Amino acid sequence: MERLTAEEAYERLRAGNERFLNDALEGAGRDEARRRLLAQSQHPFAVIHCCADSRVAPEIAFDTGIGELFVVRVAGNVANRSTIASIEYAVANLGTRLIVVMGHDNCGAVAAAIAGGEISPSLDYLLEYIQPAVRSSDDPDPDAVARRNVQVSAERLVTESDIIREAVANDGARIVTAFYHPATGQIELV
Ligand SMILES: [Zn+2]
């Protein structure tokens, strides 16, 4: 499979979401030929760092096939050690040059972070990563906090990772933010 620049990858994602919105999915690259092609290697053209929410399905919403997206999912699309490490792998080893950090409307993780309180040690650990967005959002509305949370995660990819920061500064990599509207399927790509 061909390698794409960040700009080409961005355009491919935009076009794929357009097809999704128009109920015109191609669904290409999901067959035996694609599986065979990818048996020994992968060169995904974009990283999608998004929430685990079942309504947020990047391969469908961007109409992509197997091997095209390197999807890193965790509730609240937080940038912690594990998610940053996963993205570093795609950037350093697979040549992926576009990183999309994508939040969404009605995010349960964001709502839980706003509500506060103790739930479980693991959930409390996760939600702690969303608290900076809760504190720094201009607007207390959960969707506004979710948008702020995307910014926080995108910033952390740069501040916490030498590999990602270097790739952006010197090697053609780009980080963009996105916001998904599950009710319509629309993805705002910034
Ligand atoms: Zn969510």
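Scroll up a little and you will see the structure.
Right, let's walk through the structure included here. It should be emphasised that the depicted structure is a prediction, and the values quoted were computed from it without experimental measurement.

The rules behind each value
- Residues numbered from 1 in each chain as written.
- Predicted model: local features only at pLDDT ≥ 70, side-chain atom pairs only at ≥ 80, totals over all residues.
- Heavy atoms only, no water.
- Donors = N, O, S within 2.8 Å, 3.2 Å for Na, K, Ca; no water.
- Helix = DSSP H or I, 4+ residues; strand = E, 2+ residues; numbered from the N terminus.
- Buried < 20%, exposed > 50% of the residue type's maximum accessible area, 1.4 Å probe, protein only.
- Pairing = 2+ DSSP bridges.
- Axes fitted to C-alpha atoms, helices over the stretch in contact; angles between N-to-C directions.
- Contact = heavy atoms within 4.5 Å.
- Polar contact = N/O pair within 3.5 Å; in protein donor to acceptor, adjacent residues only side chain to side chain.
- Parallel < 35°, antiparallel > 145°, perpendicular 65-115°, else oblique.
- Left-handed = near helix turned anticlockwise from the far one by under 90°.
- Nonpolar A, V, L, I, M, F, W, Y, C, P; charged D, E, K, R; others polar.

Here we come to the coordination of the zinc ion. For the zinc ion, the full set of protein donor atoms is C51 (SG), H104 (NE2) and C107 (SG), at a range of 2.0 to 2.3 Å. In primary-sequence terms, the residues that donate to the zinc ion follow C-x52-H-x2-C. Of this pair, C51 sits in the loop between β1 (46-50) and α3 (58-61) while C107 sits in the loop between β3 (98-104) and α5 (108-115), and the two are 56 residues apart along the sequence. You can call C51 buried: its relative accessible area is 5%.

The next point concerns the sheet that holds strand β4 (residues 174-181). Reading across from one edge, β2-β1-β3-β4-β5 is the order of the five strands in this open sheet, with mixed pairing throughout. In the strand order of this sheet, the two ends are held by β2 (69-73) and β5 (186-189), each with one partner. Direction aside, the axes of adjacent strands within the sheet are offset by 25° on average. As paired strands, β3 and β4 are joined by seven bridges and run parallel to one another. Each bridged residue has a counterpart across the sheet, and for I99 the counterpart in β4 is I175. Running at roughly 160° to β4, helix α8 (residues 142-160) makes contact with β3, β4 and β5 of the sheet.

Sheet faces and side chains relate simply in a regular strand, where the side chains alternate between the two faces. Most of β3 sits inside the fold, with seven of its seven residues counted as buried. Burial of β3 is two-sided: the residues L98, V100, M102 and H104 facing one way and the residues I99, V101 and G103 facing the other way are all buried. With five bridges connecting them, β1 and β3 associate as parallel partners. If you follow V47 over to β3, its bridge partner there is I99.

What follows deals with the side chain of H181. Along the polypeptide, H181 turns up in strand β4. Excluding its chain neighbours within four sequence positions, the residues that come into contact with H181 are D105, R147, Q186 and E188.

Relative to the elements of secondary structure, D143 occurs in helix α8. You can call D143 partly exposed: its relative accessible area is 23%. The sequence separation of D143 and M102 amounts to 41 residues, and the corresponding C-alpha distance is 13 Å. Sequence-distant contacts of D143, defined by excluding residues within four places in its chain, comprise D105, N106 and F179. For D143, the side chain forms a polar contact with the main-chain nitrogen of N106, separated by 3.0 Å.

Moving on, we get to the packing of helix α4 (residues 81-93) against helix α9 (residues 162-170). The axes of two packed helices give the description: the angle between them and the distance between them. At their nearest, the axes of α4 and α9 sit 9 Å apart, and the two run at 40° to each other. For the element pair α4 / α9, the angle class is oblique. Note that α4 runs across α9; the crossing there is left-handed. Of the residues in α9, those touching α4 at I84, I87, E88, V91 and A92 are D162, I163, I164 and A167. Its residues assigned to classes, the contact of α4 with α9 comprises seven nonpolar, no polar and two charged.

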